[in-house]
Amino acid sequence: MSFFLHNVGLTHSNSYVALADISVQAQQGESIALIGPSGAGKTTLLNTLGTALIPTQGTMKVLGQQPAAAGAALRQLRTRIGTVHQAAPIPPRQRVITAVLAGKLGQWPTWKSLVSLVYPQDISGARQALERVHLADKLFVRCDQLSGGQLQRVGIARMLYQEAQLILADEPVSALDPTLALETVQLLVQEAKARNATLVASLHAVELARTCFDRLIGIRDGRIFFDAPAHAVSDAQLQVLYAAETVGAQAAPSNVAAAGTVAAVSMPAHGCR
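Residues numbered from 1 in each chain as written. Predicted model: local features only at pLDDT ≥ 70, side-chain atom pairs only at ≥ 80, totals over all residues. Heavy atoms only, no water.

Enquirer: Run through the pairing of strand β3 (residues 31-35), naming residues and quoting values.
Expert: Burial runs high along β3: five of the five residues are buried. Alternating positions in β3 separate into two faces, Ser 31, Ala 33 and Ile 35 on one and Ile 32 and Leu 34 on the other, with burial throughout. When β3 meets strand β7 (residues 198-202), the two strands line up parallel, connected through four bridges. Residue pairing in the sheet places Ile 32 in a bridge with Val 200 of β7. Across four bridges, β3 lies against strand β8 (residues 215-220) in parallel orientation. Paired with Leu 34 across the strands is Ile 217, a residue of β8. (Buried < 20%, exposed > 50% of the residue type's maximum accessible area, 1.4 Å probe, protein only. Helix = DSSP H or I, 4+ residues; strand = E, 2+ residues; numbered from the N terminus. Pairing = 2+ DSSP bridges.)

In structure tokens:
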């Protein structure tokens, strides 16, 4: 099993309830999209699965371990989890190759990590990861010379290089055009399936989620609204999930993409399925 959460809740120090009664599990190799309105708790759930946040109640296991463990055990667990951020936390003056190789810093001995900051230790490996996101020509470019979309793809290349068992992606294609967004999501799904890794991604583009992922989890107000195979999720369920975002919107045809739910992306004729 990849992860297991039972009655998990997360309440911040200011008493704000970010997650409540979350019970969900996933097997290795599943591809899951988290969808829901802004502020629903998608990023919080991803950060909890990634052990950046620790639940204040309930039971959670990630890759067979209790994330509440400290020290070396927690650091070792985190080397097996790859996170793709909406805005990649990459130092502006850092070179692209260094940012990609950072994916394995937790797996390398300390001496190798330090040496790699001066002289990259796996140039060919970094180049191969960048080729998969069409950025091989940016290998030695500084990150502050890249666009937002290119930085997102550098973050994805770093995760690819890491070869994580659990891939967590928070709006990984928000800065990409529809065609490149589809291609990039396909890459994430294919990478996970090829290595029997679990992929959990939050997406605002609902049609992209429905087309490319096996399973959809709808989240609203910090709770799971539905959890079902992608093909079984109806437009009516999506309308209710995003109802708060459509209040006051002009009347539109009764399909999700037209209802102002930020669901729409122009899907090319060749989708994931």
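Enquirer: Give a description of the nonpolar core that names residues and reports values.
Expert: Within the largest apolar cluster, 54 residues are counted, with the highest numbers of intra-cluster contacts made by Ile 35, Val 100, Phe 213 and Leu 216. With sequence-adjacent residues up to four places away left out, Ile 35 is seen in contact with Lys 42, Leu 203, Val 206, Ala 209, Leu 216, Ile 217, Gly 218, Ile 219, Phe 226, Leu 238, Leu 241 and Tyr 242. In this structure, Ile 32, Leu 46, Val 200 and Ile 219 belong to the second largest nonpolar core, which totals 26 residues. (Core = buried A, V, L, I, M, F, W, Y, C linked by side-chain atoms within 4.5 Å. Contact = heavy atoms within 4.5 Å.)

Enquirer: Now, about helix α1 (residues 42-49): what can you tell me, with residues and values included?
Expert: Think of an α-helix as turning once every 3.6 residues; residues three or four places apart then point the same way. Counted residue by residue, α1 has six buried out of eight residues, so it is predominantly covered. Phi turns positive, to about 70°, at Thr 51, one or two residues after α1.

Enquirer: Before we move on, could you go through the confidence of the model for the protein chain and cite the residues and values that matter?
Expert: Reading predicted coordinates in detail is not appropriate for stretches of low pLDDT. Mean pLDDT for the protein chain: 89, with 89% of residues reaching 70 or above. Here residues 247-266 scores under 50 on pLDDT; set against residues more than four positions off or in separate chains, the count is 30 contacts. (pLDDT = per-residue confidence, 0-100.)

Enquirer: Give a detailed account of the sheet that holds strand β2 (residues 17-26), specifying residues and quantitative values.
Expert: Each strand in a sheet pairs with another by means of backbone hydrogen bonds, the pair being arranged parallel or else antiparallel. The strand order across the open sheet built from three strands is β2-β1-β4, with neighbouring strands paired in antiparallel fashion. Every other strand in the sheet has two partners, leaving β2 and β4 (57-62) as the edge strands with one partner each. Pairs of neighbouring strands in the sheet enclose a mean axial angle of 20°, with direction left out of account. One ladder, built from six bridges, connects strand β1 (residues 3-11) with β2; its direction is antiparallel. Residue Leu 10 lies in a different strand from β2, and its bridge partner there is Leu 19. (Axes fitted to C-alpha atoms, helices over the stretch in contact; angles between N-to-C directions.)

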